[in-house]
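An overview of the molecular structure
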Amino acid sequence: MELEAMSGHTSPVNPAIFPHMTVVLLAVDMFFTSWFFVYKVTSTKYTWDIYKELLISLVASLFMGFGVLCLLLWVSIYVKKQNQNL
Amino acid sequence: MEAPAVHLLPLLLLFVPWALEPGSTSAEAPPLVNEEVRRTVDLSSHLAKVTAEVVLAHAGSDSSPHAASFLVALEPELEAQLAHLGVQVTGVDEETNSLEVQETKINGKSGRFFTVQLPVALDPGAEVSVVVEAIYTHVIQPYPTQITQSEKQFVVFEGNHYFYSPYPTKTQTMRVKLASPNVESYTKLGNPMRHNNLLDYGPFHDIPAYSQDSFKVHSENNSPFLTVTSMTRVIEVSHWGNIAVEENVNLKHTGAVLKGSFSRYDYDGWIDSGISSIRSFKTILPASAQDVYYRDEIGTIYTRHLLILDDSVEMEMKPRFPLFGGWKTHYIIGYNLPSYEYLYNLGDQYVLKMRLVDHVFDKQVIDSLTVKIILPEGARSIQVDSPYEISRAPDELHYTYLDTFGRPVIVAHKKNLVEEHIQDIMVHYTFSKVLMLQEPLLLVAAFSILFFTIIIYVRLDLSITKNPAAEARMKVACITEQVLTLVSKRLGLYHHFDKTVSRYKQSRDVSSLNSGKKSLETKHKALTSEVAVLQSRLKTEGSNLCDKVSEMQKLDTQVKELVLKSAVEAEWLVAGKLKKDIYIENKKLISGKRRELVSKIEHILDTL
């Protein structure tokens with residue numbers, strides 16, 4: 001494979017926006033997670049709706065997953081072993 | 001007894017090449033002759049750098065073949081310590097090109113030989129000038145081998161007065177560059193000239209091939225004799241835009257061993273104390289290095305200075321203690337690099353182009369190097385292009401954050417490296433971009449499992465006895481909640497109908513009003529019947545709330561009457577049967593009554 005034909009590989013997500021992405025994703029996710037927990041606490045045996053619960057939990061875990069990944073990348077863990085030192 | 005032998009040696013060698021000539025050069029090889037050789041032996045550091053500027057001539061007749069390559073030989077005593085051999089030729093436009101060098105074997109001769117490919121084949125009678133550079137490590141030995149802190153370091157180098165070559169040499173000179181003007185002794189062949197820290201030997205004429213004459217010089221050398229005994233370099237590649245490099249370095253001072261004790265008072269007080277010891281050294285890192293850390297087993301070492309320049313990052317590192325002869329230390333240095341400078345890709349093909357070994361300190365000597373390149377999970381068809389020979393160990397697997405089946409690791413070893421070995425290695429591999437999603441999806445799956453566990457856990461009824469009162473209360477609460485939703489829906493219907501009425505007033509469309517009325521009726525009937533069902537359920541539960549619900553139902557019928565009345569009045573207004581001001585008055589009355597009733601309903605709902 002010719003090196004000249006290739007371009008430098010950049011990350012699919014611009015590293016400059018890691019902080020903002022992290023905050024936004026985690027904030028949205030906290031909202032969904034807290035909604036889920038409040039629903040769990042206030043509903044009784046006869047008032048629960050499984051679909052609503054599953055939907056909230058899925059959306060919450062989706063945002064939480066991407067948010068935590070963004071957080072790891074922001075903190076320069078780059079999803080690999082890296083011993084940080086200040 | 002050795003003196004006569006030394007004198008005999010050149011005589012013996014004069015005969016030997018003629019006897020061996022048919023065997024040393026193969027039948028097809030054209031006879032080459034070194035016309036003029038200018039050797040420089042640089043002994044100013046702990047490396048012996050022997051540079052020979054050779055004018056190579058084709059001495060054959062016109063019928064002999066062209067010379068496409070020529071041989072370079074090494075002295076048998078020094079050949080084991082060779083770290084680097086490079087040959088360059090000065091082109092037409094003054095640019096130097098490196099020539100290809102390959103190690104070969106010559107029948108009947110022991111020792112190492114190298115074949116160098118000439119850019120243009122040499123015609124009979126033509127000449128070409130090449131520069132042969134050889135770097136030897138650990139050949140400059142300290143003598144005396146042990147010194148005290150206040151003494152200076154003296155070293156001995158043993159080499160060859162002549163240019164060791166498979167071809168005879170017409171004229172040659174040798175210049176030795178020493179570390180200091182303080183020379184204890186040196187061999188005198190042919191009346192050498194000494195000036196400052198330079199020794200000039202020669203010119204020597206008509207020296208046959210493979211000639212050796214023992215050369216020895218004993219001089220002062222306080223330059224840092226620092227050696228990296230072993231080094232592990234780990235390069236981790238991440239497709240999220242970062243390459244992390246970590247080097248684990250073991251250093252040793254390979255000069256004269258310290259005899260006696262180390263006195264810190266003397267060391268700090270006198271400039272000349274411990275003159276050959278190493279206080280600090282400078283490492284040059286790649287220009288885009290970030291987050292540089294320098295630490296060892298104890299923790300971070302803060303005696304370091306980082307200087308960020310345009311084309312490099314220089315780190316001046318001071319180990320925790322100065323290094324005297326025989327002393328060792330160990331440290332770890334690491335930094336991050338952006339991936340776009342070293343990782344190239346086209347579609348699924350990726351190429352990593354990085355230095356196999358990087359600068360540790362000037363005039364570095366690395367005895368043993370291990371390089372580990374960790375590629376992202378899912379990298380396949382890995383091919384390695386190294387600039388020089390390396391020995392590869394089998395690939396390993398490395399597990400770290402968010403890994404399921406491990407990252408492939410390329411392991412390579414090499415011994416005896418110097419600064420000239422700082423060259424790029426290319427690693428080709430394929431990686432499908434979809435695999436990058438595996439990392440966030442793993443996190444998402446982990447969190448969903450957490451949530452599902454919580455859902456299941458709350459569902460589980462682990463109580464031993466049933467509590468009937470609590471159960472009844474829960475059921476009632478459930479029903480009232482449903483009632484609330486239904487009633488609010490009903491009230492919403494009224495609002496919706498109000499809007500239809502006002503629209504009718506503007507558009508005068510009787511049919512829309514009628515359809516609105518009809519839909520109100522049907523929906524209202526449905527909701528009321530539902531509320532009635534719930535009311536009966538409440539009754540079966542034995543709750544007193546059903547009375548409140550029935551009261552609310554009555555109020556609701558009144559509200560509905562009022563709403564319908566307002567619709568009728570609007571119709572009359574449009575038809576002209578009713579005067580406007582009377583209509584407005586009536587409307588006010590109706591809306592007042594409605595508001596009262598609605599507030600009463602809401603009050604009841606709050607108490608439910």
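Everything numeric here is computed off the predicted structure, so don't read it as measured data.

All names here are of chain B. Here chain B is described as being made up of domain 1 (32-220), domain 2 (226-436) and domain 3 (468-606). For domain 1 versus domain 2, the distance between C-alpha centres works out to 32 Å. Facing the 22 residues of domain 1 at the interface are 27 residues of domain 2. Carbon and sulfur atoms make up 53% of the area that domain 1 and domain 2 hide from each other, which totals about 1,900 Å². Taken together, the links from domain 1 to domain 2 amount to 0 salt bridges. Here domain 1 and domain 2 share 12 residue pairs in polar contact (both at pLDDT 80 or more) between them. Elements supplying a minimum of two residues to the side of domain 1 that touches domain 2: strand E4 (82-90) and strand E10 (146-147).

A word on the pairing of strand E27 (residues 365-374) of chain B. All names here are of chain B. Of all 10 residues in E27, 7 are buried, a share of seventy percent or more. By the bridge criterion, 7 bridges tie strand E17 (residues 226-238) to E27 in an arrangement that is parallel. From the neighbouring strand, threonine 232 faces E27, where its bridge partner is threonine 370.

Attention now moves to the sheet that holds strand E20 (residues 281-285) of chain B. All names here are of chain B. The antiparallel open sheet is built from 3 strands, whose spatial order is E20-E23-E22. The open sheet has two edge strands with one neighbour each: E20 and strand E22 (304-308). Neighbour to neighbour, the strand axes of the sheet diverge by 20° on average, direction disregarded. In terms of strand pairing, E22 meets strand E23 (residues 313-317) through 5 bridges, oriented antiparallel. Counted as the bridge partner of leucine 307 is glutamate 314 from E23.

This part covers the packing of aromatic side chains. Residue and element names in this part refer to chain A. One pass over the full model with this rule turns up 23 aromatic pairs over all chains. A centroid spacing of 5.8 Å and a plane angle of 10° characterise the contact between phenylalanine 32 and phenylalanine 63, whose relative ring orientation is stacked. Of the two residues, phenylalanine 32 is situated in helix H1 (residues 18-42) and phenylalanine 63 in helix H2 (residues 50-74); the sequence distance between them amounts to 31 residues. For phenylalanine 32, a relative accessible area of 17% gives the class buried.

Contacts between the two partners involve 43 residues from chain A, matched on the other side by 52 residues from chain B. In this assembly, chain A packs against chain B so that about 4,500 Å² is buried in total across both faces, 68% of it on carbon and sulfur atoms. The tally of links from chain A across to chain B stands at 0 salt bridges. For the side of chain A that touches chain B, the elements supplying multiple residues, two or more each, are strand E1 (7-8), H1 and H2 of chain A. Here the side of chain A that touches chain B gets 13 residues from one element, more than from any other, and that element is H2(A). Of the residues in the side of chain A that touches chain B, the class split is 23 nonpolar, 15 polar and 5 charged. Here 2 bridges tie E1(A) to strand E25 (residues 343-346) of chain B, and the two strands are oriented antiparallel to one another. Bridging from a neighbouring strand, A:Gly8 pairs with B:Tyr344 of E25(B).

Moving on: H1(A). Structurally, the α-helix is built with 3.6 residues per turn, so residues lying three or four positions apart point the same way. Between its first and last C-alpha, H1(A) extends 36 Å over 25 residues, near the 36 Å set by a 1.5 Å rise per residue. Inspection of H1(A) places A:Phe18, A:Thr22, A:Leu25, A:Leu26, A:Asp29, A:Phe32, A:Thr33, A:Phe36, A:Tyr39 and A:Lys40 among the buried residues, and these make up the whole buried set. Tucked into the core, H1(A) has its buried residues touching H2 of chain A together with helix H3 (438-459) of chain B.

It is worth spelling out the UniProt feature "transmembrane region" (unreviewed entry) in chain A at this point. In the numbering used here, UniProt assigns the "transmembrane region" (unreviewed entry) feature to residues 20-42 and 54-79 of chain A. Between the end C-alpha atoms of residues 20-42 of chain A there is a gap of 33 Å, over a span that is 100% helix and 0% strand.

What counts, and at which threshold
- Residues numbered from 1 in each chain as written.
- Chains lettered and ligands numbered in written order.
- Predicted model: local features only at pLDDT ≥ 70, side-chain atom pairs only at ≥ 80, totals over all residues.
- Heavy atoms only, no water.
- Domains from an automatic or database assignment.
- Contact = heavy atoms within 4.5 Å.
- Buried area = accessible area lost by both parts, 1.4 Å probe.
- Salt bridge = Lys/Arg side-chain N within 4 Å of Asp/Glu carboxyl O.
- Polar contact = N/O pair within 3.5 Å; in protein donor to acceptor, adjacent residues only side chain to side chain.
- Helix = DSSP H or I, 4+ residues; strand = E, 2+ residues; numbered from the N terminus.
- Buried < 20%, exposed > 50% of the residue type's maximum accessible area, 1.4 Å probe, protein only.
- Pairing = 2+ DSSP bridges.
- Axes fitted to C-alpha atoms, helices over the stretch in contact; angles between N-to-C directions.
- Phe/Tyr/Trp six-rings, centres within 6.5 Å; stacked < 30°, edge-to-face > 60°.
- Nonpolar A, V, L, I, M, F, W, Y, C, P; charged D, E, K, R; others polar.
- Expected span 1.5 Å × (residues − 1).
- UniProt positions renumbered as here; feature names shortened; annotations may be inferred.

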